[in-house]
Amino acid sequence: MLILIISVIYFVCAVLLCFYAGASIVLLLTYLRHRHDKFPIPTVERWPTLVVQLPIYNELYVVERLIKAVSELDYPKELITVQVLDDSTDDTPELVSCLVKQLQETGLNIQHVQRELRTGYKAGALAYGLSLVDCELVFVLDADFTPPADFLRRTVPYFMVDPTLGMVQTRWGHRNPFENLLTMGQALALDGYFVVEQTARNRAGWPINFNGSGGIWRVETIREAGGWSDTTLTEDLDLSYRAQLAGWHFLYLPDIEVPGELPPQIAAYKQQQARWAKGSTQTLVRMLKPIWQSKMTHEQRIMATVHLCHYMLNPLMMLLLLLTPPLILTNVLHHIPIPPLGLAGMAPPLIYVISQLTLYTDWWRRLMAFPMLLILGMGMAWNNSCAVAEGLIPGSSTEFLRTPKFPKNLIVNTYALKFDRSVAAEIALAIYAAWGLWLATKMNRGMVPYMALSSAAFSTMALWGLWDQWILYQRRGR
């Protein structure tokens, strides 16, 4: 009876993963159909008032570059306000204060906004900043992003010809894609998302989201949708769905790139992914019912649900891994029909390949990071599954942990994370997967590649975390 239950759970997990892979095929085909769609920049007779919001928290290493890039934006000075929303507790405020004074002397309307309490974290800072100004549009940038000087000239005009347009999102680029294998894998993953997935969703009329940086909002849209909220850790995703359910539509412009930094430390990457996983799950719990009660088409509801369920793949992957060795041992896997999963699983790799072909002439070099992407995809399953579980708990709250930004030398970075709680679990999972690999070599050779990947992925994640901590320990001991 126990084996039957395990087999049913395994089969259900495989079917759900197959369904998600099928949705990836739909996204890929939709992208290929719309990849040449163009949106010429409209002619503008009047430029609107606009505020650039820079929410920062302990960004000593990148804030100067950020403020300099924003000061060079090509836009009428009398219509633009820059808010440095500074919740920092380190030496960042002193540096910001000096930079702001210098730019104020040039005539730029730039304000250094500080709050007594970091209430609401990033969402609270954005909401507080909007309460201080009266502008039509708001451009949000995280600390590690640097927009091109013509960014506003290429994005703002769309709002002036379409009163129902609530938000314009642009594509994230990467400042450090080749810093190490970790950043190479991340770059590949993000390119697939921003080139293929976001484009396909937007062109097909399915919901997309503001990605937290590199996007412009109509202030009226934010207010009509209920404003920024810290109810979830992904305030950008939450507001995006509330706005689209309120009737506003979004525009995605993949040809406009805003470069940002990729975390080069594995602990920092895990922290970022855990925040996104928990926040996305919180948004799923909060928005699923309104989505299915809305006036969206059935197609839009299905694709919105798939979108919000992205991080739910991690618990499914964990269940498959945990259940595979017992099923190999009892010789049950031979009777579970899962070949369609392997066929549908071809879609995600094609998404990454096409994104690289679209963006880069050296696409072949970048695709060499694909094995690292596979390791990250499997190796992050435990970290993200824990975050998903927290997100499913009603009323669960967590501090908004920013992703630390680094100087060129990781070792001397005062923001580098000193402890990685997931390493012990990853070591245990690596050993468990190695046992499953041994069983597969004896009893089910078809499962050897899967178990080998699982063992390698968790071993790599654990060893990488230990190595980072060792380097930092050595440096502190000098």
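Look up: the structure comes first, before these words.
Okay, so let's go over this structure.

Here is what the cut-offs are and how they apply
- Residues numbered from 1 in each chain as written.
- Predicted model: local features only at pLDDT ≥ 70, side-chain atom pairs only at ≥ 80, totals over all residues.
- Heavy atoms only, no water.
- Helix = DSSP H or I, 4+ residues; strand = E, 2+ residues; numbered from the N terminus.
- Rg over C-alpha atoms; globule rule 2.2 N^0.38 Å.
- Buried < 20%, exposed > 50% of the residue type's maximum accessible area, 1.4 Å probe, protein only.
- Contact = heavy atoms within 4.5 Å.
- Areas by Shrake-Rupley, 256 points an atom, 1.4 Å probe, with all protein chains shown as cover.
- Phe/Tyr/Trp six-rings, centres within 6.5 Å; stacked < 30°, edge-to-face > 60°.
- 1 Å grid on protein atoms, 1.4 Å probe; cavity = no way out; pocket = protein on both sides within 12 Å on 5 of 7 lines; lining within 4 Å.
- Points joined across faces, edges and corners; volume = space filled by probe spheres on them.
- Salt bridge = Lys/Arg side-chain N within 4 Å of Asp/Glu carboxyl O.
- Axes fitted to C-alpha atoms, helices over the stretch in contact; angles between N-to-C directions.
- Parallel < 35°, antiparallel > 145°, perpendicular 65-115°, else oblique.
- Left-handed = near helix turned anticlockwise from the far one by under 90°.
- Nonpolar A, V, L, I, M, F, W, Y, C, P; charged D, E, K, R; others polar.
- Polar contact = N/O pair within 3.5 Å; in protein donor to acceptor, adjacent residues only side chain to side chain.
- Pairing = 2+ DSSP bridges.

Summing up its helical and strand segments, the chain has 19 helices and 7 strands in all. Taking 2.2 N^0.38 as the reference for a compact globule, 478 residues should give roughly 23 Å; the C-alpha atoms of the chain span a radius of gyration of 23 Å, in line with that estimate. Projected onto its principal axes, the C-alpha positions of the chain cover 75 × 60 × 45 Å. For the chain, the residues scored as buried account for 57% of the 478 residues in total. For the chain, restricting intrachain contacts to residue pairs at least 6 apart in sequence, the fraction spanning at least 24 positions comes to 84%. Counting only carbon and sulfur atoms, one obtains 62% of the accessible surface of the chain, whose full area is about 21,000 Å².

Unlike most non-glycine residues, Asn58 shows phi in positive territory, near 55°. In the Ramachandran plot, Tyr121 falls in the positive-phi region, its phi being about 55° despite a non-glycine side chain. Position of Tyr121 among the secondary structure elements: in helix 4 (residues 121-130). For Tyr121, a relative accessible area of 26% corresponds to the partly exposed category.

A few words on the packing of aromatic side chains. Scanning the entire structure with this criterion turns up 12 aromatic pairs. Here the aromatic rings of Tyr352 and Phe370 are separated by 6.4 Å at their centres, their planes lie at 50°, and the arrangement is tilted. In this pair, Tyr352 is assigned in helix 14 (residues 347-359) and Phe370 in helix 16 (residues 370-379), connecting sequence segments 18 residues apart. For Phe370, a relative accessible area of 23% gives the class partly exposed. Here the aromatic cluster, defined as three or more aromatic residues joined through ring pairs, consists of Phe145, Trp172, Tyr193, Phe194 and Trp276.

Counted according to the given criterion, the structure contains 1 cavity of 30 Å³ or more. Estimated volume of the largest cavity: approximately 60 Å³. Taken together, Pro177, Phe178, Met184, Ala187, Leu188, Asp191, Gln356 and Arg366 form the lining of the largest cavity. Looking at the lining of the largest cavity element by element, the count peaks at 4 residues for helix 7 (residues 181-204).

So, on to the pattern of salt bridges. Counted according to the given criterion, the structure contains 17 salt bridges. Its salt-bridge partner being Lys68, residue Glu72 comes within 2.7 Å of it at the nearest N-O pair. Owing to a relative accessible area of 43%, Glu72 belongs among the partly exposed residues under this scheme. For the salt bridge of Lys122 with Glu235, the shortest nitrogen-to-oxygen distance reads 4.0 Å. Of this pair, Lys122 sits in helix 4 while Glu235 sits in helix 9 (residues 235-245); the two residues are 113 residues apart in sequence, bridging distant segments of the chain.

Turning our eyes to something else, we now look at the packing of helix 1 (residues 2-34) against helix 12 (residues 313-329). Running from N to C, helix 1 and helix 12 cross one another at 140°; their axes reach a closest spacing of 9 Å. With respect to helix 12, the axis of helix 1 lies oblique. Remark: the crossing between helix 1 and helix 12 carries left-handed chirality. Between helix 1, through Ile6, Ser7, Ile9, Tyr10, Cys13, Ala14, Leu16, Leu17 and Tyr20, and helix 12, the contact on the second element is made entirely by Leu313, Leu316, Met317, Leu319, Leu320, Leu323, Thr324 and Leu327. Among the residues making up the contact of helix 1 with helix 12, the classes are represented as 15 nonpolar, 2 polar and no charged.

Structurally, the position occupied by Gln282 is in helix 10 (residues 266-293). On the basis of relative accessibility, which here comes to 9%, the residue Gln282 falls in the buried class. Among the polar contacts made by the side chain of Gln282, one reaches the main-chain amide nitrogen of Leu233 at a distance of 2.9 Å.

Spatial strand order, 3-2-1-4-6-5-7: 7 strands in an open sheet with mixed pairing. Either end of the sheet is taken by a strand with one partner, and the two such strands are strand 3 (110-114) and strand 7 (249-260). Strand-to-strand, the axes of this sheet are offset by a mean angle of 20°, without reference to chain direction. Direction of pairing for strand 2 (residues 80-86) relative to strand 3: parallel, over a ladder of 5 bridges. When the bridges of strand 3 are listed, Asp86 appears paired with Gln114.

With that settled, the discussion passes to the environment of Leu50. Note on placement: Leu50 falls in strand 1 (residues 50-56). The exposure class assigned to Leu50 is buried, which follows from its relative accessible area of 0%. Separated by 336 residues in sequence, Leu50 and Cys386 have C-alpha atoms that sit 40 Å apart. For Leu50, the residues in contact, after removing those within four places along its chain, are Tyr75, Leu79, Ile80, Thr81, Cys135, Leu137, Phe139, Leu152 and Val156.

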